[in-house]
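Structural overview
For reference, the chains in residue letters:
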Amino acid sequence: MWWCRDSELMAFCCQMGNASCTNLTLDLGWLYDQFAPLLTAAIIFSTALSLYLYSSSFLKGLLLSSHGNTGYPAYDFWMGRELNPRLLGGRFDLKEFCELYPGMIGWALINLGMAHKQLAVHGSISNSMMLVNAFQLYYIVDALWCERAILTTMDITTDGFGFMLAFGDLAWVPFTFTSAARYLVDHPQNLSPAGLVLVLAVKALGYYIFRGANSQKDMFRSNPNDPRVAHLRTLKTERGTSLIVSGWWGTARHINYFGDWIMGVAWCMPAGLAGLSAVVPYFYCIYFASLLIHRERRDEYACRLKYGKDWDKYCALVRYRIVPYIY
Ligand SMILES: NC(=O)C1=CN([C@@H]2O[C@H](COP(=O)(O)OP(=O)(O)OC[C@H]3O[C@@H](n4cnc5c(N)ncnc54)[C@H](OP(=O)(O)O)[C@@H]3O)[C@@H](O)[C@H]2O)C=CC1
Ligand SMILES: CC(C)=CCC[C@@H](C)[C@H]1CC=C2C3=C(CC[C@@]21C)[C@@]1(C)CC[C@H](O)C(C)(C)[C@@H]1CC3
């Protein structure tokens, strides 16, 4: 996995380096000017991909998702019938690739384009734009660096690859996650030193929770006897896999969502702090809260099917869903 991780990160760094270098000659602000046509193309492509995935999922002998194989065409098209569609004789996993590469790298490039546009229009790049670019680039690099952790997430283990994930990966991520950077092109503002410290503290707290929880679960799922997780208290289940009931996963059943959402707030603050009256800068954390609350319910339903009475025991031990002592 180590070589795999390096080669993928290397590919990402080359793409970003190339974009930055050509930035000196080419106008990456073009991404701001052509935002609507690019978004339209992404929606058309993700729809075409979803139609291909749905039609090819009726071939014999494929592994289907239990949640996207209900017999209701519209729902199955949205959720995805096939669990892990692959190409090149099974060597290329379409869902995992689409989740981590085109949308995430597109997100980083569009953010770079927004910074370039702000420079072109206003003659400088605000510290809020720099922060948003840096924070979100860190999140993207972290996702690529910790690629193996995605293999134990709901998207890979449970959800099929349908329109929800195809549109989410290829259109929603690059074109809505860049809303803060896009807002800052039209509303450049600089944070005060106190504002910078506050935003950095919120980001650091969110990342500490997000990465700590996700890595702890991934380590445990990969090797429960790993010395870094062997100390954790667990609930043995009839299904065979154990559930962690201490450490991060003893504080709430999806503490990783809380950390991720806190990071989302830090992304919105640079644009929102100066203009608290505007709602647009806070779009991401408002969307993200609703997505995570719904997602937690979906995962709860899937886990109750997987674990039965053992999940009830787990919920009695870990009472909070996302926010310890609150929700
Ligand atoms: N930026 C964005 O828009 C989004 C970001 N995310 C982020 O992606 C990350 C992954 O989230 P998600 O994909 O929902 O999946 P999770 O990482 O939350 O994994 C859920 C699965 O983990 C296993 N699990 C749950 N509790 C325990 C436990 N106590 N001990 C051991 N295993 C457990 C279960 O599977 P099993 O037991 O079968 O292994 C469960 O189905 C999160 O950090 C989330 O914030 C997610 C969606 C959108
Ligand atoms: C409104 C709509 C169509 C929603 C679709 C949901 C998708 C945007 C998200 C579903 C799960 C995601 C994950 C990430 C990005 C957003 C989507 C695709 C993720 C790749 C972000 C980076 C993280 O480190 C992650 C790898 C854990 C994460 C995986 C889930």
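Residues numbered from 1 in each chain as written. Chains lettered and ligands numbered in written order. Predicted model: local features only at pLDDT ≥ 70, side-chain atom pairs only at ≥ 80, totals over all residues. Heavy atoms only, no water.

A few points about the site of ligand 1
As a reminder, the rule being used: When at least one non-hydrogen atom of a residue lies within 4 Å of a molecule or strand, that residue is treated as near it. Polar contact is the term for a pair of N or O atoms within 3.5 Å; when the atoms are in protein, one must be able to donate a hydrogen and the other to accept it, and sequence-neighboring residues count only if both atoms are side-chain atoms. Using a 1.4 Å probe, accessible areas were evaluated by the Shrake-Rupley method; residue-level cover was limited to the displayed protein chains. Each helix corresponds to a stretch of at least 4 residues labelled H or I by DSSP, and each strand to a stretch of at least 2 residues labelled E; elements are numbered beginning at the N terminus. All residues other than Ala, Val, Leu, Ile, Met, Phe, Trp, Tyr, Cys, Pro, Asp, Glu, Lys and Arg, Gly among them, are scored as polar; the first ten of these are nonpolar and the last four charged.
Near ligand 1 you find 27 residues, and of these Arg 221, Tyr 257, Asp 260, Asp 299 and Tyr 307 are the closest. At 3.1 Å, a side-chain N or O of Lys 217 approaches an oxygen atom of ligand 1. The contact in question runs from an oxygen atom of ligand 1 to an N or O atom on the side chain of Asn 256, over 3.1 Å. Protein coverage of the free-state accessible area of ligand 1, which is 920 Å², stands at 91%. When contributions to the shell around ligand 1 are tallied by element, the ones reaching two or more residues are helix 11 (193–222), strand 4 (243–244), helix 12 (255–272) and helix 13 (283–307). Among the elements that take part in the shell around ligand 1, helix 13 stands out by supplying nine residues, more than any other. Tallied by class, residues from the shell around ligand 1 come to 15 nonpolar, five polar and seven charged.

Re the domain arrangement of the protein
The condition is simple: The split into domains, and so the bounds of each, comes from an automatic or database assignment of domains. Contacts are assigned to residue pairs that have any heavy atoms within 4.5 Å of one another. Summed over both partners, buried area is the accessible surface (1.4 Å probe) that two parts give up on being assembled. Throughout this description, the term salt bridge denotes a Lys or Arg side-chain nitrogen within 4 Å of a carboxyl oxygen of Asp or Glu.
Taken as a whole, the protein is organised into domain 1 (1–190) and domain 2 (192–327). The straight-line distance from the C-alpha centre of domain 1 to that of domain 2 is 21 Å. Counting residues at the interface gives 30 residues for domain 1 and 33 residues for domain 2. Counting the surface lost from both domain 1 and domain 2, the interface buries some 2,800 Å², and carbon and sulfur atoms represent 64% of this. Interface area lost by domain 1 to domain 2 is led by Phe 135, Tyr 139 and Met 154, which between them contribute 24%. If you look at where domain 1 meets domain 2, you find four salt bridges. Asp 218 is paired through a salt bridge with Arg 148; the nearest N and O atoms lie 3.0 Å apart. Scanning the region where domain 1 abuts domain 2 turns up 11 residue pairs in polar contact (both at pLDDT 80 or more). Those elements that provide at least two residues to the side of domain 1 that touches domain 2 are helix 7 (127–145), helix 8 (154–157), helix 9 (163–176) and helix 10 (179–186). With nine residues, helix 7 is the single largest residue contributor to the side of domain 1 that touches domain 2.

What about the environment of Asp 218?
Applied cut-off: Partly exposed describes any residue whose relative accessible area lies between the buried limit of under 20% and the exposed limit of over 50%, with all areas from a 1.4 Å probe on protein chains only and scaled to the type maximum.
Following the sequence through the fold, Asp 218 ends up in helix 11. Judged by its relative accessible area of 7%, Asp 218 is buried. With 135 residues separating them along the chain, Asp 218 and Leu 83 place their C-alpha atoms 20 Å apart. Setting aside anything within four residues of it in sequence, one finds Asp 218 in contact with Arg 148, Ala 149 and Thr 152.

Some remarks on the pattern of salt bridges
Applying the stated criterion to the full structure yields 13 salt bridges. Here Arg 86 makes a salt bridge to Asp 93, at a shortest N to O gap of 3.1 Å. Judged by its relative accessible area of 46%, Arg 86 is partly exposed. Overall, Asp 93 belongs to the buried group, its relative accessible area being 14%. With a closest N to O distance of 2.2 Å, Arg 304 and Asp 312 form a salt bridge. When salt bridges that share partners are traced, they join Arg 253, Glu 296, Glu 300, Arg 304, Asp 312 and Arg 321 into one network.

Some words on the packing of aromatic side chains
Using the following cut-off: When two rings of Phe, Tyr or Trp (its six-membered ring) have centres within 6.5 Å they constitute a pair, described as stacked for plane angles under 30 degrees, edge-to-face for angles over 60, and tilted for the intermediate range. For a lysine, the NZ atom is tested; for an arginine, the CZ atom; a charge sits over a ring if that atom is within 6 Å of the ring centre and within 35 degrees of the ring normal.
Summed over the entire model, instances satisfying the criterion amount to 28 aromatic pairs. Judged by centre distance (5.3 Å) and plane angle (75°), the rings of Phe 35 and Phe 175 are edge-to-face. Placement of Phe 35 in helix 3 (residues 35–56) and of Phe 175 in helix 9 is noted, with a sequence separation of 140 residues between them. Taking relative accessible area as the criterion, Phe 35 reaches 11% and is therefore assigned buried. Between Tyr 208 and Trp 248 the ring centres are 5.4 Å apart and the planes differ by 75°, which places this aromatic pair in the edge-to-face class. On the criterion of sequence distance, the pair formed by Tyr 208 in helix 11 and Trp 248 in the loop between strand 4 and helix 12 is long-range, its members being 40 residues apart. The cationic tip of Arg 182 hangs over the ring face of Tyr 32; the distance from NZ or CZ to the ring centre is 4.8 Å.

So, the site of ligand 2
What surrounds ligand 2 is a group of 16 residues, the closest being Glu 99, Tyr 139, Asp 155, Asp 169 and Phe 210. Notes on ligand 2: free accessible area 640 Å², of which the protein chains cover 85%. Elements with a minimum of two residues in the shell around ligand 2: helix 7, helix 9 and helix 13. In terms of residues, the shell around ligand 2 owes the most to one element, helix 9, which gives seven residues. Residues that form the shell around ligand 2 fall into these classes: 11 nonpolar, one polar and four charged. No fewer than three residues from each of domain 1 (1–190) and domain 2 (192–327) sit in the shell around ligand 2.

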